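Residues per chain, in single letters:
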Amino acid sequence: MMRILIVDDQRFLRESIKADFSRCLGIECVFLEAESGYEAISIIGHQAGISSSRLDLIVIDLKMEDGDGLAVIDYIATNVDSMEIPLAIISSSEQRTLELIVKIIQRYKLNLVGVYQKPVDVALLLQQLRALDDSVKPDSEYTADALPVDQLVKLINDEHLILCYQPKIDIASNELVGFEVLARLCQNGDGFIYPDKFIPPVMQLGLGTVLAKLVLQQAITHWQLSPQLKGYALSVNITVEDLIDPDFIEFVISKKLCIPGTKLILELTESHDTLQQDRVLASIAKLIINDISISLDDFGKSYSTFDRLDSIPFDEIKIDKSFVSDLDSNNQHLAIVKSTIALANTLKIKVVAEGVETLTVLNRLKHLGCNLAQGYYFSPPIEGRYVSSWVEDYLAGGLSVVSH
């Protein structure tokens, strides 16, 4: 039996949504109703303290006179007992406004099912609610939020570092050209801690460059021990802080010598507006002189602006997945991707599209002239021990290594 709170100031819409839920679910439901945001807050606050009355879903209209939907969202974000309740937002607002609401809810890290224009398709909402339930990570997976600082520090070593590799594919030929290295931390075999959880505290502790060296060392060793991977480019993420460290630059150059014949790419993620510092520019120049390519990661999302492309000879730019994954249905994102690809092609810089999940998006990128793609359409990140067998399976389709 589901307990569903419907928040809308129009009674006939509440009745319609209730009827749709009852028909689609085919089970008994308990419906709670609120005709304003403040009434909804009162109900949520009361339900949060009663475990047997926990809500399974909250459907919230955005525009209401006595406390709007944003007031409810803000309350849920500050109420720990309510943050995990699935939320479905409904509105008659235009698409760009709904996209802004999605960003707000994501920043709050709330359990968002989706944002829907009225009249809401309840069947679709329930389908996405089930998908949300299926995507919840097992309890065994750690979050860095729950780890004390001393435990996190102990995990920053080769023994607890697990590397995964996501393929990069040439869109025109469908050939495999390389892999991006993605780090995970593992504690006592009890599951992965993912980068979005451990990277921020690692950076705050001043251990970012230590971690970058460990990742590079382990990836290079993997390539040395796997001759069949030699022809594929190896992309490793770094930050501006790494470039400021002269020891790190020498370390990278020495490791590049260990894998002759392999293209090493450093994917630079900007954490703040420091790319124009003389020391950073000198480090980039030294790396390029030593045959190490530089990629500008998450282009368009952070501090990545056109003056970067004018002053630094990047080998490639990567378009963030937030712009790519829905470009077949989001005209604003399509325009951003299209203009970025056109600019890069004019400057003779390769373009990598991240977050490619469907054939429709891949075909659109191909039509726009994008060079490379990575994403779940081809493969999720592959744990290191399975990379060679994945390559064999991919090549079994008649594909071959791209020469550099």
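All values derive from a computational prediction rather than experimental measurement.

Peer 1: Before we move on, can you summarise the packing of helix H8 (residues 208-225) against helix H10 (residues 246-256) with the specific residues and values?
Peer 2: For the pair H8 and H10, the least separation of the axes is 11 Å and the interaxial angle reads 5 degrees. When the axes of H8 and H10 are compared, the pair comes out roughly parallel. Counting all contacts with H8, which are made through Thr209, Ala212, Lys213, Leu216, Gln217 and Ile220, the residues of H10 involved are Asp247, Phe248, Phe251, Val252 and Lys255. Taken together, the residues of the contact of H8 with H10 sort by class into six nonpolar, two polar and three charged.

Peer 1: Could you give me a rundown of the sheet that holds strand S1 (residues 2-7), with the residues and numbers involved?
Peer 2: An order of S2-S1-S3-S4-S5 is seen for the five strands of this open sheet, with the pairing classed as parallel. The sheet is open, and its two borders are formed by strand S2 (29-34) and strand S5 (112-117), each paired with just one other strand. Shown here is a sheet whose adjacent strand axes are inclined to one another by a mean of 15 degrees, direction ignored. For strand S4 (residues 87-91) and S5, the ladder comprises five bridges, and the chain directions are parallel. In the strand pairing of S5, Ser91 is matched with Gln117. Sheet contacts for helix H3 (residues 69-77): strand S3 (57-61) and S4; angle to S3, the most-contacted strand, approximately 145 degrees.

Peer 1: Explain the pattern of salt bridges to me, and be specific about the residues and the numbers.
Peer 2: Summed over all chains, the structure comprises 15 salt bridges. Here Glu15 ties to Lys18 by a salt bridge, and the two come within 3.3 Å at their closest N and O atoms. Of this pair, Glu15 and Lys18 both sit in helix H1 (residues 11-25), three residues apart, which is roughly one turn of the helix. Residue class for Glu15 comes out partly exposed when judged on its relative accessible area of 34%. The class of Lys18 is buried, set by a relative accessible area of 16%. Salt bridges sharing common partners tie together Lys168, Glu180, Glu267, Glu316, Lys318 and Glu354.

Peer 1: Give me the pairing of S4: which residues, what numbers.
Peer 2: Where burial is concerned, most of S4 is hidden: five out of the five residues are buried. Burial of the side chains of S4 extends over both faces: Leu87, Ile89 and Ser91 are buried on one face and Ala88 and Ile90 on the other. Pairing of S3 with S4, which is carried by four bridges, proceeds in the parallel orientation. What sits directly across from Ile58, in S4, is Leu87.

Peer 1: An account of unusual backbone geometry is requested, with residue identities and associated values reported.
Peer 2: Excluding glycine, a negative phi dihedral is what most residues carry, and trans is how most peptide bonds are arranged. Of note, the bond from Lys118 into Pro119 is cis; its omega dihedral lies within 30 degrees of zero at -5 degrees. Mapped onto the fold, Pro119 is located in the loop between S5 and helix H5 (122-134). Positive phi outside glycine occurs at Lys109, with the angle close to 60 degrees. A positive phi is found at Lys348, a non-glycine position, where the angle reads about 60 degrees. Within the fold, Lys348 resides in the loop between helix H14 (331-346) and strand S13 (350-353).

Peer 1: Got a sec to walk through the confidence of the model for the chain? Specific residues and values, please.
Peer 2: When pLDDT is averaged along the chain, the result is 85, and 87% of the positions lie at 70 or above. Scored below 50 in pLDDT, residues 136-145 shows 18 contacts in the model against residues more than four places distant or in partner chains. This model gives residues 400-404 a pLDDT under 50, and the stretch forms 15 contacts once residues within four places in sequence are excluded.

Peer 1: I'd like to hear about H3, residue by residue, with values.
Peer 2: Among the residues of H3, Gly69, Val72, Ile73, Ile76 and Ala77 are the ones counted as buried. The arc enclosing the buried residues of H3, seen along the axis, measures out at 135 degrees, which places them on a common side. The opening residue of H3 is Asp68, an N-cap whose side-chain oxygen sits 3.2 Å from the backbone nitrogen of Leu70.

Peer 1: Would you mind going over the packing of H10 against helix H11 (residues 278-289) in detail, with residue names and values included?
Peer 2: Close contact between H10 and H11 brings their axes to 10 Å; oriented N to C, the two are set at 10 degrees. In terms of orientation, H10 lies roughly parallel with respect to H11. Across from Ile249, Glu250, Val252 and Ile253 in H10, the residues of H11 making contact are Ser283, Lys286 and Leu287.

Peer 1: Run through H8, naming residues and quoting values.
Peer 2: Between the first and last C-alpha of H8 there are 26 Å, a value that for 18 residues agrees with the 26 Å anticipated at 1.5 Å per step. Among the residues of H8, those classed as buried are Gly208, Thr209, Leu211, Ala212, Leu214, Val215, Leu216, Ala219, Ile220, His222 and Trp223.

Peer 1: Got a sec to walk through the pairing of S2? Specific residues and values, please.
Peer 2: Pairing geometry for S1 and S2, over six bridges, is parallel. Paired with Arg3 across the strands is Val30, a residue of S2. As for the winding sense of the linkage, the β-α-β connection from S1 through H1 to S2 is right-handed.

Rules behind the numbers
Residues numbered from 1 in each chain as written. Predicted model: local features only at pLDDT ≥ 70, side-chain atom pairs only at ≥ 80, totals over all residues. Heavy atoms only, no water. Axes fitted to C-alpha atoms, helices over the stretch in contact; angles between N-to-C directions. Helix = DSSP H or I, 4+ residues; strand = E, 2+ residues; numbered from the N terminus. Parallel < 35°, antiparallel > 145°, perpendicular 65-115°, else oblique. Contact = heavy atoms within 4.5 Å. Nonpolar A, V, L, I, M, F, W, Y, C, P; charged D, E, K, R; others polar. Pairing = 2+ DSSP bridges. Salt bridge = Lys/Arg side-chain N within 4 Å of Asp/Glu carboxyl O. Buried < 20%, exposed > 50% of the residue type's maximum accessible area, 1.4 Å probe, protein only. pLDDT = per-residue confidence, 0-100. Arc of directions from axis to C-beta. Polar contact = N/O pair within 3.5 Å; in protein donor to acceptor, adjacent residues only side chain to side chain. Expected span 1.5 Å × (residues − 1). Right-handed = clockwise from strand over helix to strand, strands pointing away.

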